[in-house]
Number of protein chains: 2
Amino acid sequence: MGAVTTPKQDRSRLTRARLLESAVTCLAERGWSGSTVSVVAEHAGVSRGAAQHHFPTREDLFTAAVEYVAEERSAALRRLPRPADTHEAVATLVGLFTGPLFRAALHLWVAASNEPHLGDRVTALEARIGRETHRMAVELLGADESRPGVRETVQGLLDMARGLGLANLLTDDAARRERVVTQWAAILRSQLTDSSQPADSPQPAD
Amino acid sequence: MGAVTTPKQDRSRLTRARLLESAVTCLAERGWSGSTVSVVAEHAGVSRGAAQHHFPTREDLFTAAVEYVAEERSAALRRLPRPADTHEAVATLVGLFTGPLFRAALHLWVAASNEPHLGDRVTALEARIGRETHRMAVELLGADESRPGVRETVQGLLDMARGLGLANLLTDDAARRERVVTQWAAILRSQLTDSSQPADSPQPAD
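Residue numbering note: each chain is counted from 1, following its sequence as written. Going through the entries in the order they are written, you letter the chains from A and number the ligands from 1. Only residues with pLDDT of 70 or above have their local features reported here, since the model is predicted, and side-chain atom pairs are shown and tallied only from 80 upward, although totals for entire chains, interfaces and linings are computed over all residues. Heavy atoms from the whole structure form the basis of all side-chain values; hydrogens and water molecules are not counted.

Section: the overall build of chain A
Then step 1. Secondary structure elements follow DSSP: runs of H or I no shorter than four residues count as helices, runs of E no shorter than two count as strands, and numbering proceeds from the N terminus. A count of helices and strands for chain A gives nine helices and zero strands.
Then step 2. Mapped from its N terminus to its C terminus, chain A presents α and β elements in the order α-α-α-α-α-α-α-α-α.
Then step 3. Working rule for contacts: check all heavy atoms of both residues, and any pair within 4.5 Å makes them a contact. Partitioning the contacts of chain A with sequence separation of at least 6, the portion at a separation of at least 24 is 68%.
Then step 4. Here chain A holds 24 positive side-chain charges and 26 negative ones, and the gap between their average locations is 7 Å. In this count, Lys and Arg are taken as positive residues and Asp and Glu as negative ones, while His and the chain termini are left out. Throughout, a charge is located at the NZ atom of Lys, the CZ atom of Arg, the CG atom of Asp or the CD atom of Glu.

Details of the relation of the copies chain B and chain A
Then step 1. Least-squares superposition of the copies uses the C-alpha atoms of those residues scoring a pLDDT of at least 70 in each of them. When chain B is fitted onto chain A, the two copies agree to an RMSD of 0.0 Å after a turn of 180 degrees and an axial shift of 0.0 Å. Here the symmetry operator amounts to a two-fold rotation axis.
Then step 2. Take the interface residues of chain B: 100% of them recur as interface residues in chain A, which is what a same-surface contact looks like.

Description of the UniProt feature "DNA-binding region" (unreviewed entry) in chain A
Then step 1. UniProt positions are given in the numbering used here, feature names are shortened, and annotations may be inferred rather than shown by experiment. Under the local residue numbering, the UniProt record ascribes the feature "DNA-binding region" (unreviewed entry) to residues 36-55 of chain A.
Then step 2. Taken as a whole, residues 36-55 of chain A contains 75% helix and 0% strand, while its terminal C-alpha atoms sit 12 Å from one another.

Topic: the interface of chain B and chain A
Interfaces are often sized by the amount of accessible area the parts lose when they come together.
Then step 1. Facing 52 residues of chain B, the contacting portion of chain A comprises 53 residues.
Then step 2. By buried area we mean the combined loss of accessible area, with a 1.4 Å probe, across both parts when two parts are placed together. Contact between chain B and chain A buries roughly 4400 Å² in total, counting both sides, with carbon and sulfur atoms accounting for 58%.
Then step 3. A carboxyl oxygen of Asp or Glu within 4 Å of a side-chain nitrogen of Lys or Arg is what we treat as a salt bridge. In this structure, the connection of chain B to chain A is made through two salt bridges.
Then step 4. Note that R176 of chain A is salt-bridged to D159 of chain B, the shortest N-O span being 2.9 Å.

In C-alpha cells:
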C-alpha cells in the first residue's frame, strides 16, 4: 500500500501535530516550569496517556515541538515570494524572532542552560535550527557568501534579529524595532551590493 | 558626623554587597527556579534572617542584585581608557553581554515574562540598564547621534551584542563571535565616520 495511510494512522498523526503545536504555545506562554506534559495534553484536548504514548518524556515532547514548529516555519517561508528588497528581507528575518516559536525556543534554551539532562539535546537542536535560519537568510538577502566577509555580515544580522527578539520579551518593542530594521537594511544593502566598498577590506584602525 | 560611618554600618553594607554579588552568581549558574533567598544566603555565608533583613522578598533581592552589578559594571567601564579603535569599542560592548551579569539578567527577564508579580519591576529595571548601556555605547564608539540614523545604528549594534550573548548561552561561541565582531566593527567604522556615505541616506529599494 506504500504511502497510503489508514484512518488510524491519520488520527495518530493529527494527535501528534496537535500536541506539538500545543507544546510550543504552552512553552511560549507559561515558560518551562509551567509547561508539563499534563498541561500540554489538556491544551491539546488529548488524554495524558495518549500524550505519553507519543512522547515518553517531557524532554522528548518539547524538543520535538520546537523542531516541528521550526520546520513548519521554514516550509512556510519557502512558499513565500522572493522579498522585493533588502528591507523586506530583513523584516522577514527579524519577524522569525518575534513570534511564539522564538519565545518557546528561548524558554527551552534557558531551561537547558541549567538542566544538564536537557543540555545536549537542545544544543544539537539549536545548531540545526541555526544552520537552517542562516541558509534562509542567505537566500532571502540574495547574499553571495563566496565574497569574504559576507558570511559574517549575515551572521551578525541574525544575531541582531535574535537580540531584537529578546528585547521584545517583556514589552512591545515594535516601533523601535522598525526603525532599527530600516537603518540596518540600508547598511546591509550597501554592504551586500556595493562592490566599490567590498565587505572584505576592513580598513586600518581609526 | 555626616558621611562618616560606624563599624556596624560598614558591616551592614558589606553584608548587603556580598548578598547582591552572590545573588547574581546563583542566578547565572542555577537560573531563577534554582535561586532562592536561602541558596543565596548560604552562598554569601550570611544567615537567612540577615538576608531577609536586607531584602524582605525574593523579588527585592534579585532585582536589586542585577541593578547593583550593572552599576558596578558601568563604573568599572568609566574607569577604562578610551578604546583605541572601533574594533576595541565593539568588542568591549559585546563583552558586556557574555559574562555572568548577562546570564543572570537573562534568567530574570525570562522569569519575569511568565511571572506577573516580577514583570513591572523587571521591565523598569531593563529600561534603566538599557538607557545606561546605550549611553556607554555612544561614548565608547564616539558616535555623533545628531546625525540621522546614527542612533538606530548604535541600537542595532546593541541588539546584535544581546543576540551574541544569547548565542553563547549553551555553547562557547567565542571563535564565531570574534569573526562577527571584526566584520561588523569594519562596517560600523565606515557608517559612523565616513561622511561620503551618510547613515541618513537609505538608497532606493534594490
